[in-house]
Every structure is written in C-alpha cells, then in structure tokens.
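# Observations on the model geometry
What follows is each chain in one-letter form.
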Amino acid sequence: MVTLAIKGGEPLIQKKFKKYNPIGEEERLAVDRVMTSGVLSRFVGGWGEDFNGGEEVQAFEKEWAEAFNVKHAITVNSWTSGLICAVGAIGIEPGDEVIVTPWTMCASATAILHWGGIPVFADISLDDYCLDPASVRASITSKTKAIMSVDIFGRSANMDELTGVAREFNLKIISDCAQAPGAVFQGRMAGTIADIGGFSLNYHKHIHTGEGGVVVTNDDELALKVRLIRNHAEASVKDAGLSDITNMIGYNFRLGEIESAIGREQLKKIKLLLSGRVETAELLIERLSKLKGLHLPKPNDVGVNWENVYYVLPMRLTDPVLKVKSRDQIVDALAAEGVDGLMKGYGLVYQLPIFQQKKCFGNFGFPWVINGVTNDVSYSQGICPIAEKLHNETFIGYEVCLFDLSEEDIDLIGKAFDKVWKEMNLN
Ligand SMILES: *Cc1c(COP(=O)(O)O)cnc(C)c1O
C-alpha cells in the first residue's frame, strides 16, 4: 500500500534540491576589479560627463543596449525604480488612467500611483497569462493614456495586438519584462517593442546584481527623461535643454559600479543561463504531459532565441481533475511529497489594501479624488474573472529560478506528480 505523505506516508522526494545560483567566479573577479579601483560610484547630479555615471555603469548600459538591440539601456537601482521612471517619462499626470494587468507584483501598478495616475485593471488571456488585448480595448475611456503590459512568467504578451490597440487610441505602452529578459516576440526582444520597457536584476530573477534594473527604449526624449528622473532632475533639467519639464521630480535611482560590474558578467552568460532554465522547464513539461487535467504551455520552437524564458512554469488544472479534488488539496499533497517551489495562484494586485481602501497619498483619496471629482474605477471582485478563477481555483506555478534540477530531480518531481494523481484518483 502506498500512502500519500500528506496522510502520513513516506514523502517521495527525500532530498533538498540544489539552489539556482547564476553568480560565479567571474562576478567575484569583477567586484575585485571595482574594489581595487576605489571608485564605487561616479554619478554627479550636474549635467556633464559624470551625469551618466562611472565606467562600469556606462559600459554595462552600452553592452545591454547591444545585446538587446535597442538604442538606450539605462541602469537603475531596482526595476521598481525603473517603472517609476518609465511612468514619469511618458508624462502620466494626476487623474490619467493607465491600463494594467492584475497578474503581476505590486510595482507595475503602484508606479502609476506614484505620478497620480489611476491603475485600471484589465483581464488576462489564458494563452499567455498576459493582458488580453480585447479586455484592454474594453477598459479604455477618455482618460486612458497608457498600457502597462507585463510579460509575466517569462513569456511576451501579444505585442502585435496590444500595439494595434495603442495606435488606435494614441496610448503609450510600457513593458514590464522583469521576469522575461531574453524573451522574444516574433523575432524582437521583449521590452524593446514597447515605448519603454525594462528588466529587474534583483536576486530572484534569471540574472541579477543583488538589486538592480535596466530601462530600455528606442526613443531619445524618453531616454533623456528617464536619465533625469534617475539622477535628481536638478539643474540638469535646464542644462539638458528640456522644454517640457512635466514630471521632473528627481529621485536617486542610480546603480553603483559594483552592481554594474556584476551585471556585465551576468550579461555575458545570459544565453547560457537562460538555456538552463528553458531546458529545465521543457523537461518538466515533457515529464508531466501525460497527466490528465493538467494544462501545460507548449514548448518553444527550436531557435537561437527563446519565445518563453520560463521564470515560472505556468500550469492549470482543468475540470476532470477539479471535480475530484481542489487545486489547494492537490498542491498541498505535492508539497508534502517534497515538491518545493509550487505556487497556488499568483495573487491579484487589486486585492491589496492600497486599492481596496483607495488610500495612498494621505487621507484625501488622491489620486482617485482630485479637486473634489471622484474617479470611481472598480477594484471589486469580478472585474477580472479569468485572473480571479486562475488565482482562486486553477493555477499552479512552478518557480523555475529557485532550483537547479538535474534530470534525476525532474524525474523525481514527475514521480511525485504521478503518485498524487494515482492516489487521489485524478487519472
Ligand atoms: C521583480 C518584479 C518587479 C520589481 O523588480 P525589482 O527589481 O524587485 O524592483 C516588477 N515587476 C515584476 C513583474 C517583477 O517580477
């Protein structure tokens, strides 16, 4: 008799998997190089040679722009900072609406609030878990100024259709590609198709510098505005000859020389590191593909670049299985067997208190209330039925950047799924 671990049986997986770690000797040597130079940062706020930072920062940006085939790459101390720069640079003003996906982490939406903009949540598509262009279209009002698209889990949104909607209504697009560095949409690098895009370099992501981020754009004026917001937007605003100074509230979002030196080494390895994640995810897809009622993404077509870089392997349960057990019962049983790194759903940003209570700048309701006029955009349950059903009932994510799995580990995970499916009578 085989007993499920959740009912007191032996867990099928008895080992801890090795942690994914993209940092190696090259990064250590790069840090050493910076330490020996004694220059840990060289930014100054004044307009001049050092306005754009030191040697490592500038080299990292140049190399990133080349690798991503984009005109400007601008480093920042986090992608949250990058998102704030991007929303500021496109000129979002208090009361402007920006359409955003709920299927992301908070910064994609709160960056909009930082400039007094109003996040309006559109639903996602079951094809890619990114914004559904039809739902975006249905969410447009006379106040809509931009779309905040998120290439969630490592796969690009449908940029053709989103760009079509944006053109029709004269909207800007920002691409949050925090989880998708190196992802490709129809031959073009994710992030570079939008007006502004960018990537996170925090330590959870595919490649990292501890903390950090990179903004990318092909637009010279947007690049200048991002550089100004990143670096105080002080006297530099006048010296840069900027005619429209909207949103020139400066921050200090500068990345240091040490992080930039690490980033340069990470960038050299990015293809290798991504191929490891893609291989892991696709071996898992193959191993799990025979399970009934488990929907998996289609593997990438073979090529030099990847459509999907799998930050998370997205899966969902379908009716035959859900009629027998709930998603949470199944995930709990898998976790008890030793499958670490599974997520039940992915959160819905509008469920956060800041949206539920519409309270962020003091107590006067700004930006939902401006000069006594209220924008009564809804953040209630029901606004994004597809995302809600996924989060509450059907979605299971596997975090591909948590562990470095061997083929044997992948087979063990497969065996744990097989066991749960068999013992719970899901097949
Ligand atoms: C990680 C992440 C961010 C934030 O990036 P930081 O570098 O941690 O500030 C934003 N959006 C998404 C989708 C992310 O996954």
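Check the entry above for the structure.
A few points on the structure. (Residues numbered from 1 in each chain as written. Predicted model: local features only at pLDDT ≥ 70, side-chain atom pairs only at ≥ 80, totals over all residues. Heavy atoms only, no water.)

Another aspect to go through is the pairing of strand E9 (residues 213-217). For a regular strand, side chains alternate in direction, first toward one face of the sheet and then toward the other. Among the 5 residues that make up E9, 5 are buried, leaving the element largely enclosed by the rest of the structure. Residue alternation in E9 divides its side chains into two sets, Gly-213, Val-215 and Thr-217 and Val-214 and Val-216, and both sets are buried. Bridge analysis of strand E1 (residues 72-76) against E9 gives 5 bridges, and the strand direction is antiparallel. Bridged to Ala-73 within E9 is Val-216. Both strand E8 (residues 196-200) and E9 contribute to a ladder of 4 bridges, which runs antiparallel. Along E9, the bridge assignment pairs Ser-200 with Gly-213. (Buried < 20%, exposed > 50% of the residue type's maximum accessible area, 1.4 Å probe, protein only. Helix = DSSP H or I, 4+ residues; strand = E, 2+ residues; numbered from the N terminus. Pairing = 2+ DSSP bridges.)

Summarising burial for helix H7 (residues 220-230): 8 of the 11 residues are buried, a large majority. Those residues of H7 not exposed but buried are Leu-222, Ala-223, Lys-225, Val-226, Arg-227, Leu-228, Ile-229 and Arg-230. Contacts made by the buried residues of H7 are with helix H2 (55-67), E1, helix H3 (79-89), E8, E9 and helix H8 (236-239). N-cap assignment for H7: the residue whose side-chain oxygen lies 2.9 Å from the backbone N of Glu-221 is Asp-219. One or two positions beyond H7, positive phi appears at His-232, with a value near 75 degrees. (Contact = heavy atoms within 4.5 Å. Polar contact = N/O pair within 3.5 Å; in protein donor to acceptor, adjacent residues only side chain to side chain.)

In this structure the tally under the stated criterion is 27 salt bridges. Among the salt bridges present, the one from Lys-18 reaches Asp-404, with a minimum N-O distance of 4.0 Å. Highlighted residues: Lys-18 in the segment before helix H1 (25-37) and Asp-404 in the loop between strand E15 (395-399) and helix H15 (407-423), separated in sequence by 386 residues. Judged by relative accessible area, Lys-18 falls into the exposed class, the value being 58%. (Salt bridge = Lys/Arg side-chain N within 4 Å of Asp/Glu carboxyl O.)

Worth remembering: the numbers are spatial, not functional.
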